[in-house]
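So you can see what is in the structure, the chains are spelled out below.
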Amino acid sequence: MDQFTPLSATVGGALIGLAATLLWIANGRLAGVSGIAGGLVPPRPADALWRVLFLVGLPVGALIGAEVGPTLLPEIPTSRPALDVGWPVLIAGALLVGIGTRLGGGCTSGHGICGLSRLSVRSLVAVLVFMASAAATVFVVRHVIP
Amino acid sequence: MNGRPLALFAAALSGIVFGFGLAVARMTDPQKVLNFLDFAAIPRGGWDPSLAFVMAGGMAVGLIGFRLDRRLAAPFVAAAFQPPTRTAIDLPLLVGSALFGIGWGLVGLCPGPAFANLGTLAESILLFVALMLVGSWATGLILALSVKE
């Protein structure tokens, strides 16, 4: 249980909720990352720039968080996260995330943070389905295949 | 909205705070996400409940934040609130969410953390984001065509 980090998780989650609240009450838009990225195609030029700026903000904020975080909370390590999968799995996973979030109309941020906060039943169903299929996938990869 | 500097500033600021929150919550770490999704570890020990606390923290703010619109005629820097147009619980929602979950469980990255990790400039992250966008955009174009016909 040494890997359980409740403080940084709750604080970070609250910041994500704050960011989603800001985009809603300022811009009237839902902070669903898959929807904001997906909405760039088919292209609608007048609707594109805010999407790009939000998406560019994500790695900018994450870089700041990775630098500042460890000095604020001891739960946050200075080491950078890394992917631990082979290329075929990475490619399949990326395509499934892209196709699935477009078909299902949202991801962990849109259905998860925004949808659940708005008490959307559709989003609750989506969250339960993708949590279940993700957990089943991890179970197979970690406990069945090896 | 492109012509409104304040709206663009708000979108950029929201993205930055969102990315900052993801890094602080450590949801940019795929292993940490997978350690939450590994529910078989609950009886065996070593399960990491952190992601549930991220959701709880986000909803604690969001449940209040998303209600503020009731006090506003319009968003601060845009013409109107744009809630989701789709509300039905239909087959695309179920199939799409199931497919997304498989991809998420395979790699440990969902769209937010995938973009947030772009700053590492790792080849694997660049490829993941590129293919994720190809999957989303191709699906969007196919869906748009099927609606028109």
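What counts and what doesn't
- Position numbers for residues count from 1 along each chain, tracking the sequence in the order it is written.
- Whichever chain is written first is A, and whichever ligand is written first is 1; the rest continue in order.
- At least 70 in pLDDT is required for a residue's local features to be given in this predicted model, at least 80 for side-chain atom pairs to be given and counted, and no such filter applies to totals for whole chains, interfaces and linings, which use all residues.
- Runs of H or I in DSSP of at least four residues are treated as helices and runs of E of at least two as strands, each being numbered from the N terminus.
- To assign burial, the other C-beta atoms lying within 10 Å of each residue's own C-beta are counted, with C-beta atoms placed from the backbone; 20 or more indicates buried, 12 or fewer indicates exposed, and intermediate counts indicate partly exposed.
- Each residue gets a C-beta atom placed from its backbone, and two residues are in contact if those atoms lie within 7 Å.
- Where each domain starts and ends follows an automatic or database-derived domain assignment.
- Following the grouping adopted for this structure description, the nonpolar residues are Ala, Val, Leu, Ile, Met, Phe, Trp, Tyr, Cys and Pro, the charged ones are Asp, Glu, Lys and Arg, and the polar ones are all others, Gly among them.
- By definition, a nonpolar core groups buried Ala, Val, Leu, Ile, Met, Phe, Trp, Tyr and Cys residues that are joined through C-beta atoms within 7 Å.
- Helices are assigned an expected span. That span is 1.5 Å times one less than the residue count.
- Interaxial angle, 0 to 180 degrees, is taken between N-to-C directions of lines fitted to C-alpha atoms, where a helix line uses only the stretch in contact.
- The cut-offs work like this: below 35 degrees is roughly parallel, past 145 is roughly antiparallel, 65 to 115 is roughly perpendicular, and the gaps in between are oblique.
- The sense of a crossing depends on the near helix, which, turned anticlockwise from the far helix by less than a right angle, makes the crossing left-handed and, turned clockwise, makes it right-handed.

### Looking at the overall build of chain B
1) Next: Summing up its helical and strand segments, chain B has 7 helices and 0 strands in all.
2) Next: In chain B, the order of α-helices and β-strands from amino to carboxyl end is α-α-α-α-α-α-α.
3) Next: Projected onto its principal axes, the C-alpha positions of chain B cover 50 × 40 × 35 Å.
4) Next: Expressed as a percentage of its 149 residues, the buried residues of chain B come to 52%.
5) Next: In chain B, 48% of the contacts between residues at least 6 apart in sequence involve partners at least 24 apart.

### Some words on the overall build of chain A
1) Next: Scanning chain A from terminus to terminus reveals 6 helices and 0 strands.
2) Next: Starting at the N terminus and walking to the C terminus, you meet the elements of chain A as α-α-α-α-α-α.
3) Next: Principal-axis analysis of the C-alpha atoms places the extent of chain A at approximately 50 × 40 × 30 Å.
4) Next: By residue count, 55% of the 146 residues in chain A fall in the buried class.
5) Next: Contacts in chain A between residues at least 24 apart in sequence constitute 47% of all its contacts with a sequence separation of at least 6.

### With respect to the domain arrangement of chain B
Residues and elements named next belong to chain B.
1) Next: Parsing chain B into structural domains produces domain 1 (1-83) and domain 2 (86-149).
2) Next: Relative to domain 2, the C-alpha centre of domain 1 lies at a distance of 18 Å.
3) Next: Each partner contributes residues to the interface: domain 1 has 11 residues there, and domain 2 has 8 residues.
4) Next: Mapped onto the side of domain 1 that touches domain 2, the elements with two or more residues apiece are helix 1 (5-25) and helix 2 (30-37).
5) Next: Take the side of domain 1 that touches domain 2: its biggest share by element is 5 residues, from helix 2.
6) Next: Considering only residue class, the side of domain 1 that touches domain 2 consists of 8 nonpolar, 3 polar and no charged.

### Quick notes on the nonpolar core
1) Next: Among the nonpolar cores identified, the biggest contains 86 residues, and A19(A) and F128(B) are the most heavily contacted of them.
2) Next: The element that contributes the greatest number of residues to this core is helix 1 of chain B, accounting for 12 residues.
3) Next: Composition of this core by domain shows at least three residues from each of domain 1 (1-83) and domain 2 (86-149) of chain B.
4) Next: Non-local contacts of A19(A), meaning those with residues more than four positions away in its chain, are made with A31(A), S14(B), V17(B), F18(B) and G21(B).

### Brief notes about helix 1 (residues 6-27) of chain A
Residues and elements named next belong to chain A.
1) Next: In this model helix 1 runs 31 Å from its N-terminal to its C-terminal C-alpha over 22 residues, within 8% of the 32 Å that 1.5 Å per residue would give.
2) Next: By the criterion of burial, helix 1 is predominantly enclosed, with 18 of the 22 residues buried.
3) Next: G28, located one to two residues past helix 1, shows a positive phi value of around 70°.

### Thoughts on the interface of chain B and chain A
1) Next: Taken residue by residue, the interface counts 101 residues in chain B and 102 residues in chain A.
2) Next: Contributions of two or more residues to the side of chain B that touches chain A are made by helix 1, helix 2, helix 4 (50-65), helix 5 (91-107), helix 6 (111-116) and helix 7 (123-148) of chain B.
3) Next: Counting residues per element, the side of chain B that touches chain A draws most heavily on helix 1 of chain B, which supplies 18 residues.
4) Next: Residue classes in the side of chain B that touches chain A are distributed as 66 nonpolar, 29 polar and 6 charged.

### Quick look at helix 5 of chain B
Think of an α-helix as turning once every 3.6 residues; residues three or four places apart then point the same way.
1) Next: The terminal C-alpha atoms of helix 5 of chain B lie 25 Å apart, and with 17 residues this matches the ideal 24 Å at 1.5 Å per residue to within 8%.
2) Next: Count one or two residues on from helix 5 of chain B and you reach G108(B), which has phi positive near 90°.

### Considering the packing of helix 5 (residues 108-117) of chain A against helix 4 of chain B
1) Next: One can describe the packing of helix 5 of chain A onto helix 4 of chain B by two numbers: an axis separation of 8 Å at closest approach and a directional angle of 40°. Between helix 5 of chain A and helix 4 of chain B, the angle is such that the two are oblique. Both helix 5 of chain A and helix 4 of chain B take part in a crossing whose hand is right-handed. From helix 5 of chain A, G112(A), I113(A), C114(A), L116(A) and S117(A) reach across to helix 4 of chain B, where they touch M55(B), G58(B), M59(B), G62(B) and L63(B).
2) Next: Taken together, the residues that form the contact of helix 5 of chain A with helix 4 of chain B break down as 6 nonpolar, 4 polar and no charged.

### Considerations on the environment of A62(A)
1) Next: For A62(A), the location among the structural elements is in helix 3 (residues 49-72).
2) Next: You can call A62(A) buried: it has 30 C-beta atoms within 10 Å.

### A short note on the packing of helix 6 (residues 121-144) of chain A against helix 5 of chain B
Between two packed helices, what matters for the description is the angle formed by their axes and the separation of those axes.
1) Next: Between helix 6 of chain A and helix 5 of chain B, the shortest axis-to-axis distance is 7 Å and the interhelical angle comes to 40°. Of the two possible hands of crossing, helix 6 of chain A and helix 5 of chain B adopt the one that is right-handed.

### Structural notes on unusual backbone geometry
1) Next: Cis rather than trans, the peptide bond between V41(A) and P42(A) has omega equal to 0°.
2) Next: You can see P42(A) is positioned in the loop between helix 2 (33-38) and helix 3.
3) Next: Unusually for a residue other than glycine, L121(B) sits at a positive phi of about 55°.
4) Next: Relative to the elements of secondary structure, L121(B) occurs in the loop between helix 6 and helix 7.
5) Next: Exposure remark for L121(B): the 9 C-beta atoms within 10 Å place this residue in the exposed category.

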